[in-house]
Amino acid sequence: MLLTAGDSLAIGTGFPVGCPSYLTGAPGNGRPLLGSQILDATEKQTIQGYIDAYNVIIDSVATRRGAALVDLNGLLRTAATRGLPYQGTLYDDAFITGGLFGLDGVHPPISDMDSWPTP
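Residues numbered from 1 in each chain as written. Predicted model: local features only at pLDDT ≥ 70, side-chain atom pairs only at ≥ 80, totals over all residues. Heavy atoms only, no water.

**Q** Can you explain helix α2 (residues 41-65)? Please cite residues and give values.
**A** Compared with an ideal rise of 1.5 Å per residue, which puts 25 residues at 36 Å, α2 spans 36 Å between its outermost C-alpha atoms and is within 8% of the ideal. Among the residues trailing α2, Gly66 stands out with phi positive, at a value near 70°. (Helix = DSSP H or I, 4+ residues; strand = E, 2+ residues; numbered from the N terminus. Expected span 1.5 Å × (residues − 1).)

Right under this line is the structure:
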């Protein structure tokens, strides 16, 4: 889903009836999000092509310059396909329950940040 879906999610669109919006608590109205608020399969494929092309360039530049390279794309693919074990817990990319991402689908869950070291 795209950031433009925020207003719809806030009023319960995109949630089943009886399931509250995680943004506001508004009851789900059972209506789907608009096509303009989500990525379709073709758009996802196009974006993946750009990601793959950029990663080839990044790898090439890092290799030429002898720089260290952290493959976060590969790490996230591993999380999506088989999960990442850490201290007895298997983390994956499942929305809400996977443990890697908070409700915004981007950042780590806030509750896990309490144990992070401070700079």
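There is more to say, and it comes next.
**Q** Could you give an account of the packing of aromatic side chains, with specific residues and numbers?
**A** All chains considered together, the criterion is met by 1 aromatic pair. Centre to centre, the rings of Phe15 and Tyr22 are 5.6 Å apart; their planes meet at 75°, and the pair counts as edge-to-face. Classification of Phe15 by relative accessible area gives buried; the value is 10%. Tyr22 sits in the partly exposed class, given a relative accessible area of 27%. (Phe/Tyr/Trp six-rings, centres within 6.5 Å; stacked < 30°, edge-to-face > 60°. Buried < 20%, exposed > 50% of the residue type's maximum accessible area, 1.4 Å probe, protein only.)

**Q** Just give me the short version of the pattern of salt bridges, but keep the residues and values in it.
**A** Scanning the model with the defined rule gives 1 salt bridge in all. With a shortest N-O distance of 3.1 Å, Asp52 and Arg77 are connected by a salt bridge. Note that Asp52 is positioned in helix α2 and Arg77 in helix α3 (residues 72-81), a separation of 25 residues in sequence. (Salt bridge = Lys/Arg side-chain N within 4 Å of Asp/Glu carboxyl O.)

**Q** Account for unusual backbone geometry, with residues named and values stated.
**A** In this structure, Gln87 takes a positive phi of about 50° despite not being glycine. Mapping Gln87 onto the fold places it in the loop between β1 (84-86) and β2 (89-91). Here Gln87 falls in the exposed class, since its relative accessible area comes to 70%.

**Q** Describe the side chain of Thr13, naming the residues involved and giving the relevant values.
**A** Secondary-structure assignment places Thr13 in the loop between α1 (6-10) and α2. We classify Thr13 as buried; its relative accessible area is 7%. Among the polar contacts made by the side chain of Thr13, one reaches the side chain of Asn29 at a distance of 3.0 Å. Residue contacts for Thr13: discarding those within four places in its chain leaves Ser8, Asn29, Arg31, Pro32 and Leu33. (Polar contact = N/O pair within 3.5 Å; in protein donor to acceptor, adjacent residues only side chain to side chain. Contact = heavy atoms within 4.5 Å.)

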